[in-house]
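A closer look at the structure
Chain by chain, the residues run as shown.
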Amino acid sequence: MRWLLVSAALSGCAFRPGMTGDAGGGGGGGGTESLGGTEPGCTPWIYTPTNIGDVCALPAPGTLQGSVSGFTINTDSLGSLASNTLVVKQSNGLAIAIIHLSELELSDAWTVTGSAAIVLAVDGAASIDLGASIAVASGADNTTACAALAGKPGGASTADAAGGGGGAGGAGAGTGGKGGDGDDGGAGGKHGPGAPVTPAMASTLSPLVAGCAGGAGGADNAVVSTPGAGGGGGGAFQISSNVSVDVVGGVNAAGLGATGTADAHTGGGGGGGGGGILLEGPIVHVHSTGLVCADGGSGGSGGGNSTQGAVGVAGKCSGTAAAAGGHVNNNGGDGGDGGYGMGPNANGQAGSKSGGGGGGGGGGGGGVGWIVLHQVTGMATIDGGAVVTPMAMP
């Protein structure tokens, strides 16, 4: 990966490095505390960036240079980036790491991870070049922020030969699909019920929001067995530029598919909900080769009467098709497809009920997350051929 970040002349601008704020109000903060007024000698931006507020309250901008493919930024271990980063806890419980940069040109693969979401405050132009990609996992599955959005687990069966229920998909802007019921198995016990639908939540990404995990499948009564695990939610990521944001490559915050193959008679896990992506500036342009994705992951299939289920898959990010739910030719229920696009397709689909023989229910699919393309004046440009899924909000 090649970074090109050029320092701006900011002499005489007294920044305050290392401050950490708590949740609160403030212009443009959207649930992030405003951290002070403009410092003498610091030129403010031409607009107030969302979730950032006063740019002159940030540490001085840093630089990153080099050519390292597969570069990762972990907000739990920032290293040299800590000197130009301000960590702020938002009103929804999710912390954001605001990294102040001069200019940004990304030309290779990049992963962002860690418990805090990443916000890049870029004084100059920001671009994601052709062939470059950002895989976003930062801030996902935050316990507080996901209290109402994480998929619930499927219920356990009450007999050894009966099937556990499927876990529900994680929700975002789209609902998480219901888990499928297990099968009674003719053993005098009862199947595990599938987990209920996970309600969606409207958000403008102020405060910034990440995706939430799907629920685990239900167990096979007292038998030592492992049900399917829920897929993780997509992360949260923001670029705010004082000049422009150009996406020629890709930004991917899709939810993950259910993991772990459900053992016999256990339920499949739910898919993870899509994350949150906010891109803003005076000019925001997603080019014809660009991809901005926060689709939901799919649910895993339930275990059969003697065979394991199948895992789900991450959001497909095609704009025209869902991540397909796990399927095995046994009597475990199929996993639900993940959400994509808009309308009913944005919701995760329900996992199916077991086909008999004490099989487990399938896990529900994860709902789509949130995309905001905020151009300061007018509307962002999305060229023909670009893939933006789900539909972006201005």
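These remarks concern the structure in this document.

**Things to note about the nonpolar core**
The biggest cluster of nonpolar side chains holds 33 residues, and the ones touching the most others in it are Leu 120, Ile 134, Phe 237, Ile 239 and Leu 279. The dominant element in this core, judged by the number of residues it contributes, is strand S9 (residues 117-122), at 3 residues. Residues contacting Phe 237, with those up to four places away along its chain left out, are Trp 110, Val 112, Ile 118, Leu 120, Ile 134, Val 136, Leu 208, Val 251, Gly 276, Ile 277 and Leu 278. Formed by 25 residues, the second largest nonpolar core is a distinct cluster that contains Ile 96, Leu 205, Cys 212 and Leu 278.

**What about the pairing of strand S15 (residues 276-281)?**
By the criterion of burial, S15 is predominantly enclosed, with 6 of the 6 residues buried. Here S15 shows no split at all, with Gly 276, Leu 278 and Glu 280 on one side and Ile 277, Leu 279 and Gly 281 on the other all buried. Strand direction decides the pairing type here: strand S12 (residues 236-241) and S15, joined by 5 bridges, are parallel. Looking at the pairing, Gln 238 lines up with Leu 278 of S15. Here 6 bridges tie S15 to strand S18 (residues 370-375), and the two strands are oriented parallel to one another. In the sheet register, Gly 276 faces S18, and the bridge partner there is Trp 370.

**Looking at the environment of Gly 235**
Considering the arrangement of structural elements, one finds Gly 235 in the loop between strand S11 (133-136) and S12. Separated by 98 residues in the primary sequence, Gly 235 and Ala 137 have C-alpha atoms spaced 3.9 Å apart. Setting aside chain neighbours within four positions, we find Gly 235 in contact with Val 136, Ala 137, Ser 138, Ala 140, Ala 210, Gly 211, Ala 253, Gly 275 and Gly 276.

**Looking at the pattern of salt bridges**
In a structure, side chains of opposite charge can pair up when their charged atoms sit close to one another. As enumerated under the stated definition, the model contains 1 salt bridge in all. Of the charged contacts in the structure, one is a salt bridge between Asp 181 and Lys 178, with a shortest N-O distance of 3.6 Å. Under the relative-accessibility criterion, Lys 178 is labelled partly exposed at 31%.

**What about the state of the cysteines?**
All chains considered together, the criterion is met by 2 disulfides. Across the disulfide from Cys 146 sits Cys 212; the S-S distance is 2.0 Å. Of note, the bridge from Cys 146 to Cys 212 carries an S-S torsion of about -85 degrees and is left-handed in sense. Here Cys 146, found in the loop between S11 and S12, pairs with Cys 212, found in the loop between S11 and S12; they are 66 residues apart in sequence, far enough to count as distant. Taking relative accessible area as the criterion, Cys 146 reaches 6% and is therefore assigned buried. Cys 212 gets classed as buried once you look at its relative accessible area, which sits at 0%. The disulfide partner of Cys 293 is Cys 317, and the S-S distance across this bridge is 2.1 Å. Because the sign of the S-S torsion sets the handedness, a value of about -75 degrees for the bond joining Cys 293 and Cys 317 places this disulfide among the left-handed ones. Placement of Cys 293 in strand S17 (residues 291-293) and of Cys 317 in the loop between S17 and S18 is noted, with a sequence separation of 24 residues between them. Each member of the pair, Cys 293 together with Cys 317, is buried.

**Here we look at unusual backbone geometry**
Following Ser 206, the chain continues into Pro 207 via a peptide bond in cis, with omega recorded as 10 degrees. Within the secondary structure, Pro 207 sits in the loop between S11 and S12. Across the junction of Thr 389 and Pro 390, the peptide omega takes the value 5 degrees, indicating a cis bond. Position of Pro 390 relative to the elements: it lies in the segment after strand S20 (387-389). One non-glycine residue with positive phi stands out, namely Asn 51, at about 65 degrees. Structurally, Asn 51 can be placed in the loop between strand S2 (20-21) and strand S3 (65-67). The phi torsion at Cys 317 lies on the positive side, around 60 degrees, for a residue other than glycine.

**A few points about the side chain of Asn 242**
With respect to the secondary-structure elements, Asn 242 resides in the loop between S12 and strand S13 (245-247). Of note is the side chain of Asn 242, whose polar atom sits 3.0 Å from the backbone nitrogen of Ile 46.

Rules behind the numbers
- All residue numbers refer to positions counted from 1 along the written sequence of the respective chain.
- Selection of residues for local features in this predicted model requires a pLDDT of at least 70, selection of side-chain atom pairs for listing and counting requires 80 or more, and totals for whole chains, interfaces and linings are taken over all residues.
- Only heavy atoms go into the side-chain values, all of them from the structure, while hydrogens and water stay out.
- The term nonpolar core refers to a set of buried residues drawn from Ala, Val, Leu, Ile, Met, Phe, Trp, Tyr and Cys, joined through side-chain atoms within 4.5 Å.
- Residue burial is assigned from relative accessible area. The probe radius is 1.4 Å, only protein chains are included, and a residue is buried under 20% of its type maximum, exposed over 50%, and partly exposed in between.
- Note on conventions: DSSP H or I runs of at least 4 residues are helices, E runs of at least 2 residues are strands, and numbering of each starts at the N terminus.
- Contacts were defined at the residue level, with two residues in contact if any of their heavy atoms lie within 4.5 Å.
- For two strands to be treated as a pair, DSSP must find at least two bridges joining them.
- Only one rule defines a salt bridge in this text: a Lys or Arg side-chain nitrogen within 4 Å of an Asp or Glu carboxyl oxygen.
- Only a pair of cysteine sulfur atoms within 2.5 Å counts as a disulfide in this structure description.
- In protein, a polar contact requires one atom able to donate a hydrogen and another able to accept it; more generally it is a pair of N or O atoms within 3.5 Å, and residues adjacent in sequence count only if both atoms are side-chain atoms.

Shape descriptors only; they carry no functional weight alone.
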